[in-house]
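# Summary of structural features
Residues per chain, in single letters:
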Amino acid sequence: MPGWLTALRDLIADASPLRRAMLALLVALPFAALGAAWFWFNPAEYRVLFPKLSDRAGGEVLAALDQLDIPYRLSPDDGRIEVPAESVHIARYRLAAQGLPRSDETVRAAAEDAPRFGASSQQEQQRLQRALEAELARSVQTLEPVEFARVHLALPRVSPFLRDAPPATAAVLVRPRPGATLSAEQVATIQTLVAASVPRLARHDVQVFDPRGVQHPAAAAETAESPRLALERELAQRVRAVLAPWLGAERVTVQVTATLDDSETHRTIERVRSVTVGGQTRPLEKIVQTTVLPEGRLARLDAIVVLDFDATREVRLRAAQLARQALGYTAARGDTLNVYVLPGARQSQAPADPAPEAAGAANPQAAPAGKPASIPPVRVQETSRPPDYRLYGALGGLAAILAGGAALARLRRRPAPPAVEPPDDFDALLDAARDQTLDNPRVTADVIKLWMRA
């Protein structure tokens, strides 16, 4: 044995207990300092177990980690739960086996799914609506850029006393992941997903909001540019394109209102052909015809054309005819087309009538000479039925009788009545008869009685 080891052994053996403790401490301190320096410069790596949890869900996770003897720590910034890097997957698997973490929607759904006796129909409807909202929110959260989503549905009750059921609406609150944004296509996907899952809900009635409470720009653009508005703008442009070269773009105003059917309709017609033989009816064949009316079809069209000049009757009729052809007017569908003249509009010269080829009909007869320069504003409503001249003749005869009776009454009252120019068209004749009837209702009644007795 070396001499220095022998001397050290003798020194320790002859030393007092206090000196022995001091010598042991001097030997242990360097090793303890080296270990502390190692752990200081090489700390244990922690990873995030769950980024954001509610207070209830976070408490359940911490209690489960204590039972599983897994170390953890909480981030002082946002309260995230972190565990050692080598224990992240183990902790997740063990917590998932216990059904953790549970969201507030899951807890609420579990409470609502519990059997309830004596629940009213309204409560059951609310439970179904909340379950549908939770399912839609989970479906929206499956999109890659979406971190959190919540869906609110407004489903009005359907009443048998209403002809048209009130439409449903929806609002979707979407929070994207950090650094991610929603594109216009993804917003349209969310709108289509929600609209396809709820009856009587159109895609343009689904509004998407960001966490700041502002409607998403893509959703706002989709709502503003709905198919109905696009169709109305296109039809109005067609009418202006037809009337502007003839009447002038600054003197024609067009307003179109389109009614679209947002539901797909299946119409089935069943026909049975039968023959009677010997007093007995036997069916020969059965024909079933199914017609599918697509969603978004045009159900009705209402149009208004306003002329900012003193238009004659022929001009108004021709403008209505051209507008009807440009709109694709269909009377069987219930379409309406009205042509108005602004009151007080005066022009020295009205535009000339278009050629028959442009109008699609023969030119009407020219207006008679001596026609007054101003015509009161009238409304012309065009239909697809041809004029019934027999009805016009009967009305004209009745108006002539009323005018004659009123004229006789005025002759009795005044010796020299002023000369009245004959009306130039059928509308003026009806206006004159109407005015005379309102001025002398008793004489009109006497004339009608005499006419019925004859």
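The preceding data block contains the structure.
Bear in mind that the values here come from a model prediction, so they are computed numbers and not experimental data. (Residues numbered from 1 in each chain as written. Predicted model: local features only at pLDDT ≥ 70, side-chain atom pairs only at ≥ 80, totals over all residues. Heavy atoms only, no water.)

## Here we look at the overall build of the chain
Counting its secondary structure elements, the chain contains 14 helices and twelve strands. Counting all 454 residues of the chain, 25% fall into the buried class. Within the chain, contacts between residues separated by at least 24 positions form 70% of all contacts whose residues are at least 6 apart in sequence. Accessible surface for the chain amounts to roughly 30700 Å². Of this, 57% is attributable to carbon and sulfur atoms. (Helix = DSSP H or I, 4+ residues; strand = E, 2+ residues; numbered from the N terminus. Buried < 20%, exposed > 50% of the residue type's maximum accessible area, 1.4 Å probe, protein only. Contact = heavy atoms within 4.5 Å. Areas by Shrake-Rupley, 256 points an atom, 1.4 Å probe, with all protein chains shown as cover.)

## Remarks on unusual backbone geometry
Backbone torsion omega between leucine 100 and proline 101 reads -5°, so that peptide bond is classified as cis. For proline 101, the position within the fold is in the loop between helix H4 (88-97) and helix H5 (104-113). Here the phi dihedral of arginine 200 falls at roughly 60°; this positive angle occurs in a residue that is not glycine. Note on placement: arginine 200 falls in the loop between helix H7 (184-197) and strand S6 (206-209). A relative accessible area of 38% means that arginine 200 is categorised as partly exposed.

## Thoughts on the packing of helix H9 (residues 227-247) against helix H10 (residues 313-327)
For the pair H9 and H10, interaxial distance at closest approach is 9 Å and the crossing angle is 145°. Taken as a pair, H9 and H10 cross one another with a handedness that is right-handed. Together, Leu235, Arg238, Val239, Val242, Leu243, Trp246 and Leu247 of H9 and Val315, Arg318, Ala319, Leu322, Ala323, Ala326 and Leu327 of H10 make up the contact between the two elements. Residues belonging to the contact of H9 with H10 are distributed by class as follows: twelve nonpolar, no polar and two charged. (Axes fitted to C-alpha atoms, helices over the stretch in contact; angles between N-to-C directions. Left-handed = near helix turned anticlockwise from the far one by under 90°. Nonpolar A, V, L, I, M, F, W, Y, C, P; charged D, E, K, R; others polar.)

## Some details on the packing of aromatic side chains
Evaluated as defined, the whole model comprises zero aromatic pairs. Positioned over the ring face of phenylalanine 309 is arginine 251, at 4.7 Å from the centre of the ring. (Phe/Tyr/Trp six-rings, centres within 6.5 Å; stacked < 30°, edge-to-face > 60°. Lys NZ or Arg CZ within 6 Å of the ring centre and 35° of its normal.)

## Brief notes about a nonpolar patch on the surface
Taken together, Leu18, Met22, Leu25 and Leu29 make up a surface patch of nonpolar side chains, about 410 Å² in accessible area. Secondary-structure assignment places leucine 25 in helix H2 (residues 17-41). (Patch = residues over 30% accessible without salt bridge, like charges linked within 9 Å, V, L, I, M, F, W, Y side chains within 5 Å. Salt bridge = Lys/Arg side-chain N within 4 Å of Asp/Glu carboxyl O.)

## A word on the environment of arginine 80
As for its placement among the helices and strands, arginine 80 is situated in the loop between strand S2 (73-74) and strand S3 (81-84). Residues arginine 80 and leucine 53 lie 27 residues apart in sequence; the distance between their C-alpha atoms is 7.8 Å.

## Overview of the nonpolar core
Counting 27 residues, the largest nonpolar core has Leu243, Leu247 and Val305 as the members making the most contacts within it. For this core, the secondary-structure elements that each account for two or more residues are H9, strand S7 (252-261), strand S10 (297-307), H10 and strand S11 (336-341). Looking at which element gives the most residues to this core, the answer is H10, with seven residues. If we skip the residues at most four places from it in the chain, leucine 243 touches Gly248, Val252, Val305, Ala319 and Leu322. With 20 residues, the next largest nonpolar core counts Val174, Ile190, Ala195 and Val208 among its residues. (Core = buried A, V, L, I, M, F, W, Y, C linked by side-chain atoms within 4.5 Å.)

## Overview of the sheet that holds strand S5 (residues 169-176)
Strands sit in the order S4-S5-S6 across an open sheet of three strands; the sheet is mixed. Whereas interior strands pair on both sides, the edge strands pair on one side only; in this sheet they are strand S4 (146-154) and S6. Put simply, the sheet's adjacent strands are angled 20° from each other on average, direction ignored. Pairing analysis gives eight bridges linking S4 to S5, with the strands arranged antiparallel. By the bridge assignment, valine 151 is partnered in S5 with valine 172. Across the sheet, helix H6 (residues 121-141) is in contact with S4 and S5; its angle to S4 comes to roughly 150°. Docked against the sheet, H7 engages S4, S5 and S6, running at close to 135° with respect to S6. (Pairing = 2+ DSSP bridges.)

## Thoughts on the sheet that holds S3
Strand order in the open sheet made by the three strands is S1-S3-S2, with antiparallel pairing throughout. Of all the strands in the sheet, just strand S1 (46-50) and S2 have a single pairing partner and so form its edges. Helix H3 (residues 55-68) rests against S1, S2 and S3 of the sheet, and its axis sits at about 20° to S3. In the packing of H4 onto the sheet, contacts are made with S1 and S3, and the angle to S1 comes to roughly 20°.

## As for the pattern of salt bridges
In the structure shown here, the tally under the stated rule is twelve salt bridges. Note that arginine 56 is salt-bridged to glutamate 60, the shortest N-O span being 3.2 Å. In this pair, arginine 56 and glutamate 60 are both assigned in helix H3, four residues apart and thus about one turn of the helix distant. Overall, the relative accessible area of 29% leaves arginine 56 in the partly exposed class. Overall, the relative accessible area of 22% leaves glutamate 60 in the partly exposed class. One salt bridge in this structure joins arginine 127 and glutamate 124, with 3.4 Å as the shortest N-O distance. With arginine 127 and glutamate 124 both in helix H6 and three residues apart, the pair spans about one turn of that helix. Taking relative accessible area as the criterion, arginine 127 reaches 13% and is therefore assigned buried. For glutamate 124, a relative accessible area of 30% translates into the label partly exposed.

## Looking at the pairing of S7
A one-sided burial pattern is seen for S7, the buried positions being Val252, Val254, Val256, Ala258 and Leu260 and the unburied ones Thr253, Gln255, Thr257, Thr259 and Asp261. In terms of strand pairing, S7 meets S10 through ten bridges, oriented antiparallel. Following the sheet pairing, glutamine 255 is matched in S10 by isoleucine 304.

## Overview of H3
Across its 14 residues, H3 extends 20 Å between first and last C-alpha, which sits within 8% of the 20 Å expected from 1.5 Å per residue. Of all the positions in H3, only Ala57, Gly58, Val61, Ala64 and Leu65 are classed as buried. Viewed end-on, H3 has its buried residues packed into an arc of 130°, placing them on one side of the element. What points out from H3, more than 90 degrees from its buried face, is the exposed set Asp55 and Gln67. (Expected span 1.5 Å × (residues − 1). Arc of directions from axis to C-beta.)

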